[in-house]
Structure formats: structure tokens, C-alpha cells
Amino acid sequence: MDIELARIPAGTVQLHDARLKRRWTVELEPFELGVFAVTEADVAELIGEPSTHPRRPATGISWQRAVRLCNAASEWEGFDPAYTFDGEDVTWHVDADGYRLPTEAEWEFACRAGSTGPHYGPLTEVAWTSADGLSAPADVGLRLPNLNGLFDTLGNVWEWCWDLLDPDDDSDDRVFRGGGFADDAWSVRASVRRGGRPRSQQPDVGVRFARGARE
């Protein structure tokens, strides 16, 4: 399996949650992020699951399964796994060099690629949304990438991030970002935050691998 990664430079990003009326700024170290979302073919190669549409993003992946896929990819390539597990509890070993989920700050910074508006280009050119009338995700890489060389960070499928949706709440909901093929333009924006239970599986939520240890 060939996981193609783009190098994302260090930088600063401001995140915003309108529902929580909260803004916060995060400084980021350099990291790497998948050029494409993880595809059905990738999952088939990693864990032997059959692939009906090899170039489509793999969907129906829970957050709990996403972190395990990261570890499987690390083991495949001989890296140190980023995660260990104690039942439902997941520990991220920040010094590991293996594959992991991006933080949502990393995700938004990489998605924006220097842009300051809601999109990094015209949606009809960069994203699959409800306007396209799809009943399932499109194959990856068919629309234009952003300036970081990343395809489909907006539209097609939402992508899990590491973070809790609301750290001040008792819920263990985790963030996903980016909008999907069934969402209207309002949801397909770089700043929109949504989330779900770590075990939830949804037909428009997938995953994109990141790498980058934190010393």
C-alpha cells in the first residue's frame, strides 16, 4: 500500500465554534497529511476487507476503528504505532512516528492552505456536495486540490479528527470535519465542526491519515 502524504508547514490557525460561541488559536508544528482520504482499496489491503469501489473513500468507519486503522498502517510500514488501547480508552503517544488522526487544528490549517474564506476554491471545482446529486461518495481525486496538494478535504466525505467535540462537556463525541456529498454548501466549509460518538458509523464519514511526532 502506498500512502501518499503532503508536507504541511508550521503555522497558526484560529478555530471557531458558533454554537459554543468560542474562538481559539493554535500554533502548529510541521506535519504530514494524506493527499487523499483513506480509500476502500486501502482498507482492503490493510485488513483484508473486500472492496466494492476501490477508489472511493472508505466510509462507515467509526472513530474507534479509524484509530485502529492508523495503527494497522503504521505496522504495515514499520513505524511505531501512535495509539494504545484500554477498552474504550485510547492513548495517543505523541512521540510515536506512526500514522494518526490529525488534530482538528491541523486539519483546518491544512484544508485552508493559506485561504481565509470558507472555501479554498469554487465549490463546484473542488468539492462534491448535495448540488451534485450523488447517492454515494465519488472516487477520490476527481476535483481540484488545494494549494497543499490535498484532494477532497471539502466535500465528498467528512473526516475524523483526534479532538473531542466539546472538551468542557461530559460527552465523548469526537470531531469530524469537511462536509460530505449529501451536504449543502453551508456545511461544506473549512470552519464547520461536527462530531459523533466514537463508535458511530455513518455513510458519509471517513478518515485521512496524518503523521508527525510531537517531541
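Residues numbered from 1 in each chain as written. Predicted model: local features only at pLDDT ≥ 70, side-chain atom pairs only at ≥ 80, totals over all residues. Heavy atoms only, no water.

Sorry, what's going on with the sheet that holds strand E10 (residues 193–196) here?
The strands making up a sheet associate through backbone hydrogen bonding, with each pair oriented either parallel or antiparallel. Ordered by their spatial adjacency, 4 strands build an open sheet running E10-E9-E8-E11, and the pairing between neighbours is mixed. If you trace the sheet from one side to the other, it starts and ends with E10 and strand E11 (205–206), each paired once. Examined bridge by bridge, strand E9 (residues 174–177) and E10 share 4 bridges and lie antiparallel to one another. For Arg-174, the partnering residue across the bridge sits in E10 and is Gly-196. (Pairing = 2+ DSSP bridges. Helix = DSSP H or I, 4+ residues; strand = E, 2+ residues; numbered from the N terminus.)

It is not clear to me how unusual backbone geometry should be interpreted in this structure. Could you clarify?
Leaving glycine aside, a negative phi is the common case for residues, and trans is the common case for peptide bonds. The phi dihedral of Ala-113 is positive, around 50°, even though this residue is not glycine. Relative to the helices and strands, Ala-113 is located in the loop between helix H3 (104–112) and helix H4 (123–126). Backbone geometry at Asp-152 places phi at a positive 65°, although glycine is not the residue there.

What is the right way to look at the pairing of strand E8 (residues 158–164) in this model?
Most of E8 is tucked away, with 5 of its 7 residues classed as buried. The pairing of E8 with E11 spans 2 bridges and is classified as parallel. When the bridges of E11 are listed, Trp-158 appears paired with Val-205. With 3 bridges connecting them, E8 and E9 associate as antiparallel partners. Each residue of the ladder has a partner; that of Trp-160, found in E9, is Phe-176. (Buried < 20%, exposed > 50% of the residue type's maximum accessible area, 1.4 Å probe, protein only.)

Is there a simple way to think about the packing of aromatic side chains in this case?
Describing an aromatic ring pair means giving the distance of the ring centres and the angle of the ring planes. By the definition in use, this model includes 8 aromatic pairs. With a centroid separation of 5.1 Å and an interplanar angle of 20°, the aromatic rings of Phe-36 and Phe-151 are classed as stacked. Here Phe-36, found in the loop between strand E4 (31–34) and helix H1 (40–47), pairs with Phe-151, found in the loop between H4 and E8; they are 115 residues apart in sequence, far enough to count as distant. Over the face of the ring belonging to Trp-162 we find Arg-174, whose NZ or CZ atom lies 4.9 Å from the ring centre. Sitting above the plane of the Trp-158 ring, Arg-194 keeps its charged end 4.6 Å from the centroid. (Phe/Tyr/Trp six-rings, centres within 6.5 Å; stacked < 30°, edge-to-face > 60°. Lys NZ or Arg CZ within 6 Å of the ring centre and 35° of its normal.)

Honestly, the packing of H1 against helix H2 (residues 63–77) in this entry has me stumped. Any pointers?
Working note: a packed helix pair is described by the angle between its axes plus the distance between those axes. Interaxial distance between H1 and H2 falls to 10 Å at its minimum, and their mutual angle equals 65°. Taken together, the axis directions place H1 and H2 in an arrangement best described as roughly perpendicular. For the element pair H1 and H2, the recorded crossing hand is left-handed. Residues Val-43, Glu-45, Leu-46 and Ile-47 of H1 lie in contact with H2, whose contacting residues are Arg-65, Leu-69, Ala-72, Ala-73 and Trp-76. When its residues are assigned to classes, the contact of H1 with H2 shows 7 nonpolar, no polar and 2 charged. (Axes fitted to C-alpha atoms, helices over the stretch in contact; angles between N-to-C directions. Parallel < 35°, antiparallel > 145°, perpendicular 65-115°, else oblique. Left-handed = near helix turned anticlockwise from the far one by under 90°. Contact = heavy atoms within 4.5 Å. Nonpolar A, V, L, I, M, F, W, Y, C, P; charged D, E, K, R; others polar.)

When you look at the pattern of salt bridges in this model, what are you seeing that I'm missing?
Side chains carrying opposite charge are able to pair once their charged atoms draw close together. Tallying each qualifying case throughout the model produces 14 salt bridges. The partner of Arg-65 in a salt bridge is Glu-49, and the shortest N-O contact between them spans 2.5 Å. Remark: Glu-49 occurs in the loop between H1 and H2 and Arg-65 occurs in helix H2; sequence separation between them is 16 residues. For Arg-65, a relative accessible area of 25% translates into the label partly exposed. The shortest N-O distance in the salt bridge between Arg-208 and Glu-159 comes to 2.7 Å. Remark: Glu-159 occurs in strand E8 and Arg-208 occurs in the loop between E11 and strand E12 (210–211); sequence separation between them is 49 residues. In terms of burial, Arg-208 and Glu-159 fall into one category: buried. Connected through shared salt-bridge partners, Asp-17, Glu-104, Glu-108, Arg-112, Arg-177 and Arg-193 make up one network. (Salt bridge = Lys/Arg side-chain N within 4 Å of Asp/Glu carboxyl O.)

I keep staring at the environment of Pro-145 and nothing clicks. Help me out?
Along the polypeptide, Pro-145 turns up in the loop between H4 and E8. Spatially, the C-alpha atom of Pro-145 lies 8.8 Å from that of Val-35, the residues being 110 residues apart in sequence.

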